[in-house]
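Here's the letter readout for the chains.
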Amino acid sequence: MRGPLRVAAAVAVGAGAAVAAAAATTVLGRRDDRLFPTMFGRAHVFTTTSPDGRAIRVLSLGGGWQTVMYLDDPDEPAAAYARGFDLVLRDGAARAEDAGGRAAVEGADARSVLVIGGAGCAWPRHAVAVDDAVQVTVVEVDPAVVAIARREFHLDDAVARAGSTPSGEPRLRVVTDDGLRFLARRAMKGGRPFDAVINDAYAGTDAPEAFLSPVGLSLAKGAMAPGGLYVANVVCSPTDPSPVLAARDALLGTFSHVWDVPCPDPLAEEENHLLVASDADREVPGAYPL
């Protein structure tokens, strides 16, 4: 996860099959605490127990928990805001289909997603595991963090299980690069647009301001399909909503509509808010318009 969840992870509602969970437990065994140097300081990887007694692996960096993963079902999202990504990117389309057809909310179901900020890649691996039509590209700036994801969170296993699209492209791809450089090169070279861009970049517990700058947002919007979604994971104190309000103002400078999806976690010291922006006026499940 990105953002400072400093205590035990949220307990997710069970979503994994028993066979898959058993296989994952074989792959993801327990290990003692480990420390790794990164460009953002020393990373701490450890295994602990969630409140419901399940073993979780944690990547802590810069004072915040960057990734939390269940060992008995690593494809199940353990953090509340990761389940919020699902709500934003998938439930809107499901509700539209239930109400009478996909065209009711055109493009609501994001099939091609760019995630800026990978850490242990917990949500991307979940996304491709539960929906074989989804393709996720992750951009992570720190090669040391990518190596941690491969070794400690078994990223390579997730990539192999995800396989390829019908055109032969990997369904889960991790690029080691600065997010803005990646977007700038894409703007010059072109490429198939993303249905959604997720800004989950954190340097420790601080979100880089460049991704919410006019330049950063313009580059992100240029990589998106018309009417696509931009989702920013914003962390704030329960008593100080100023980061959410600042992000709202920044997004409204580039997009026509902004919504707030609160992702409360009773065990977290700070709150995650998913700010969702789009030029399309659409239904965003669980959201408040800003």
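Residues numbered from 1 in each chain as written. Predicted model: local features only at pLDDT ≥ 70, side-chain atom pairs only at ≥ 80, totals over all residues. Heavy atoms only, no water.

Per an unreviewed UniProt entry, the recorded name for the protein chain is Spermidine synthase, and the organism is Granulimonas faecalis.

**Student:** Quick question: what am I supposed to make of the sheet that holds strand 5 (residues 112–116) here?
**Tutor:** Two strands in a sheet stick together by hydrogen bonds in their backbones, pointing the same way (parallel) or opposite ways (antiparallel). Across the sheet, which stays open at both edges, the eight strands sit in the order 7-6-5-8-9-11-10-12 with mixed pairing between neighbours. Lying at the two open borders of the sheet, with one neighbouring strand each, are strand 7 (172–176) and strand 12 (288–289). Bridge count between strand 9 (residues 224–236) and strand 11 (residues 271–278): seven bridges; the pairing is antiparallel. Note that in strand 11 the partner of Ala 232 across the bridge is Leu 275. Strands strand 5, strand 6 (135–140), strand 7 and strand 8 (194–199) of the sheet are contacted by helix 3 (residues 122–130), whose axis makes an angle of about 170° with strand 6. (Pairing = 2+ DSSP bridges. Helix = DSSP H or I, 4+ residues; strand = E, 2+ residues; numbered from the N terminus. Contact = heavy atoms within 4.5 Å. Axes fitted to C-alpha atoms, helices over the stretch in contact; angles between N-to-C directions.)

**Student:** In this structure, what is going on with the nonpolar core? I would like to understand it.
**Tutor:** As a rule of thumb, nonpolar side chains are buried together in soluble globular proteins. Judged by nonpolar contacts, the single largest core of 33 residues is most densely connected at Leu 89, Val 113, Trp 123 and Val 136. Per-element accounting of this core gives the leading share, five residues, to helix 2 (residues 80–98). Core analysis: the second largest hydrophobic core is formed by 25 residues, Val 139, Leu 217, Val 258 and Leu 275 among them. (Core = buried A, V, L, I, M, F, W, Y, C linked by side-chain atoms within 4.5 Å. Buried < 20%, exposed > 50% of the residue type's maximum accessible area, 1.4 Å probe, protein only.)

**Student:** So what exactly am I meant to see when it comes to the side chain of Arg 282 here?
**Tutor:** Of note, Arg 282 is situated in the loop between strand 11 and strand 12. It turns out Arg 282 is buried and unbridged, and the closest side chain with the opposite charge, Asp 195, is 8.2 Å from it. A polar side-chain atom of Arg 282 sits 2.5 Å from the main-chain carbonyl oxygen of Gly 227. (Lys, Arg positive; Asp, Glu negative; His and termini not counted. Salt bridge = Lys/Arg side-chain N within 4 Å of Asp/Glu carboxyl O. Polar contact = N/O pair within 3.5 Å; in protein donor to acceptor, adjacent residues only side chain to side chain.)

**Student:** I keep staring at the packing of helix 6 (residues 179–189) against helix 7 (residues 214–222) and nothing clicks. Help me out?
**Tutor:** Between two packed helices, both the angle of their axes relative to each other and the distance between the axes serve to describe the pair. Two elements in contact, helix 6 and helix 7, have axes whose closest approach is 9 Å; the angle formed by their N-to-C orientations is 50°. On the basis of the axis angle, helix 6 is oblique to helix 7. The way helix 6 lies across helix 7 gives a crossing that is left-handed. Residues Leu 180, Leu 183, Ala 184 and Ala 187 of helix 6 form the contact with helix 7, whose own contacting residues are Gly 216, Leu 219 and Ala 220. Grouping the amino acids of the contact of helix 6 with helix 7 by side-chain chemistry returns six nonpolar, one polar and no charged. (Parallel < 35°, antiparallel > 145°, perpendicular 65-115°, else oblique. Left-handed = near helix turned anticlockwise from the far one by under 90°. Nonpolar A, V, L, I, M, F, W, Y, C, P; charged D, E, K, R; others polar.)

**Student:** When you look at unusual backbone geometry in this model, what are you seeing that I'm missing?
**Tutor:** Outside of glycine, negative phi angles account for most residues, and trans bonds account for most peptide bonds. Its identity is not glycine, yet Ala 119 carries a phi of approximately 50°, on the positive side. Here Ala 119 shows up in the loop between strand 5 and helix 3. With a phi angle near 60°, Cys 121 is a residue other than glycine that sits in the positive phi range. Judged by relative accessible area, Cys 121 falls into the buried class, the value being 2%.

**Student:** Sorry if this is basic, but what is going on with the pattern of salt bridges here?
**Tutor:** When the charged atoms of two side chains with opposite charge come close together, those side chains can pair. In total, this model carries 14 salt bridges according to the counting rule given. The salt bridge partner of Glu 76 is Arg 54, with a shortest N-O separation of 2.9 Å. Within this pair, whereas Glu 76 is found in the loop between strand 4 (64–70) and helix 2, its partner Arg 54 is found in the loop between strand 2 (41–49) and strand 3 (55–61), the two being separated by 22 residues in sequence. The salt bridge involving Asp 75 is made with Arg 161; its shortest N-O contact spans 3.1 Å. Linking Asp 75 in the loop between strand 4 and helix 2 with Arg 161 in helix 5 (residues 155–162), this pair joins segments that are 86 residues apart in sequence.

**Student:** How should the pairing of strand 1 (residues 34–38) be read in this particular structure?
**Tutor:** When a strand is regular, its side chains alternate between the sheet's two faces. Of the two faces of strand 1, only one is covered, namely that formed by Arg 34, Phe 36 and Thr 38; the face formed by Leu 35 and Pro 37 stays uncovered. The pairing of strand 1 with strand 2 spans five bridges and is antiparallel. Looking at the pairing, Thr 38 lines up with Gly 41 of strand 2. A loop of two residues connects strand 1 with strand 2, the two strands running antiparallel in sequence.

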